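So the chains spell out like this:
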Amino acid sequence: MSEKTSPLRAALRDAAVTKEVVVERAAVRAMPDVLQRAAPGARWMLVTDETTWDVAGEAAQALLEARGIALAPPLMLPARPRLKPRVSASATIARKLAAHDLTPVAVGSGVISDLVKHAASIAGKPYVCLATAASMDGYAASGAALLDEDGFKRTFACPPPFAVLADLGVLGAAPARMTAWGYGDLAGKTVAGADWLLADALGVEALSRRPYDMVQAHLRDWLDAPGRIAARDPEATGDLMAGLLVSGFAMQAHGNSRPASGSDHQFSHLWEMENLQIDGEPAAHGACVGVGCVAMLAMYEWLLARPDNAFASAVAQAQDGFDDAALLREIDAAFDRDEFRTAAREEMQAKRATGGRRARIEALAAIWPDLRAQLAHQLIGAADMQQRLRTLGGAAHPDDLGIAAARLAADYRRARLIRRRYTVLDLLDELGWLDAAITDLFSPGGFWSA
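Note that the structure is a prediction, hence the values are computed from the model and not measured.

J.: What should I look at first to understand the nonpolar core in this one?
T.: Across soluble globular proteins, you tend to see nonpolar side chains buried next to one another. Ranked by size, the top nonpolar core spans 137 residues in total, and within it Trp271, Phe335, Leu375 and Tyr412 carry the most contacts. It is helix H14 (residues 285-304) that contributes the most residues to this core, 14 residues altogether. Those residues within four positions of tryptophan 271 in sequence are excluded, and the remaining contacts are Leu276, Cys288, Val291, Gly292, Leu401, Ile403, Arg407, Leu408 and Asp411. Counting residues in hydrophobic clusters, the runner-up holds 23 residues, among them Leu35, Ala39, Ala60 and Ile69.

So, in structure tokens, the structure goes:
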């Protein structure tokens, strides 16, 4: 492992729940001893699908049987069409765990990991994760991003795994598109960090230094080798996985996803809950985050280009309150399902309870030169990030997701409606600049005009 993985070891020392991480070749060999430490005397069940069974599950099952670990037959989930992360599916798994007193091992990546995490929480069991791709940051995170009964994407609080194991050979052999998803998910941390800096500077949500630094102090190092990752270099792939795991540990440390999820993820959650499809399958989380990341990097570039005196007029026009009637009309027009509208109203009501709109704008005008320098240092150029994603063969443009320009333009407004988390989208809306920014990005010469 390279020096870039040392933050992973440091993060593990501070983890409240996860006690072991093994990221190396033949990592599965450590599993029998890990399971014994996780829950001595437990009867285990691998939760897998047909694909992850072939690449890692079958070997793990055979090894555990040979070592005398008590096992139930594996629970095989369908691989095609790609499984959706539904609460109903995790509840079904939880019932099986409870009925037979089983402790689960998640063998897979994003969806299987989140389903088992939530199921283990419902059943009151610890669990272990055998990761099969460097495709997302949720392996070590507290909480599972699932579609609720109404189809609304929510993060459900639940404990992370006792241990995460990842075989570098398996990670390197994973489909290239899955590794690109992981890079896209990690790339989004640049925007998440900027959004948190902004929320902290405006007094909305204080920045917690330790979780912030866990992700941001090494983020550029983890992102600096897209070419080597694309070439399946084991060290570079291991560094990517380390960055994704540390992001999960940062979420453990903070108690929610703020260290790793900002306006970039709001696009992804919007598209996922509306069942965005690519070639007949649900769009992958990391692909959506990658495009959302580029979209928000372009938006930040627009904001950073505003002259200092532009804020004077915004302060002069600022009002203390919000136009609640206008917000309700916007929500009603933005979503075609009543359950989505209801959830959006709840999220925006919680966000607006922070109050202080005029005070935020006045504070921003006073601190803008210093804050702009901080944000500029934090962010990567939108075109640069787009090229990095393309190097990996990942989604880098809305066209790659089948999203038309008009839809993306509308989604810049809609994305902020589905989460109570304060981001630059909310600031621009409060400034009265959001529509102008969107227009400029899609006008001739704007980022999305090419």
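So much for the structure itself; the text now carries on.
J.: Could you clarify how one ought to interpret helix H19 (residues 382-391) in this entry?
T.: A turn of α-helix holds 3.6 residues, and therefore any two residues three or four places apart point the same way. Among all positions in H19, only Ala382, Met385, Gln386, Arg388 and Leu389 are buried. What you see down the axis of H19 is that its buried residues fit within an arc of 160°, all on one side. Looking at the buried side of H19, the elements it contacts are helix H7 (176-187), helix H8 (189-201), helix H10 (219-223), helix H11 (226-230) and H14.

J.: In this structure, what is going on with the pattern of salt bridges? I would like to understand it.
T.: Close approach of charged atoms allows side chains of opposite charge to pair. Per the stated rule, a full pass over the model turns up 29 salt bridges. Between arginine 414 and aspartate 411 there is a salt bridge; the shortest N-O distance is 2.9 Å. Taken together, the residues span about one helical turn, with arginine 414 and aspartate 411 both in helix H20 (residues 405-414) at a distance of three residues. For the pair arginine 414 and aspartate 411, a shared accessibility class is recorded, and that class is buried. For arginine 416, the salt bridge is made with aspartate 429, and the minimal N-O distance between the two is 3.4 Å.

J.: Please clarify how the pairing of strand S6 (residues 144-147) should be interpreted in this entry.
T.: Two faces belong to every sheet, and in a regular strand the side chains alternate between them. Here four bridges tie S6 to strand S7 (residues 153-156), and the two strands are oriented antiparallel to one another. In the strand pairing of S7, leucine 146 is matched with arginine 154. Between S6 and S7, which pair antiparallel one after the other, the connecting turn spans five residues, and glycine 151 there sits at a positive phi close to 85°.

Conventions we followed
- Residues numbered from 1 in each chain as written.
- Predicted model: local features only at pLDDT ≥ 70, side-chain atom pairs only at ≥ 80, totals over all residues.
- Heavy atoms only, no water.
- Core = buried A, V, L, I, M, F, W, Y, C linked by side-chain atoms within 4.5 Å.
- Buried < 20%, exposed > 50% of the residue type's maximum accessible area, 1.4 Å probe, protein only.
- Helix = DSSP H or I, 4+ residues; strand = E, 2+ residues; numbered from the N terminus.
- Contact = heavy atoms within 4.5 Å.
- Arc of directions from axis to C-beta.
- Salt bridge = Lys/Arg side-chain N within 4 Å of Asp/Glu carboxyl O.
- Pairing = 2+ DSSP bridges.

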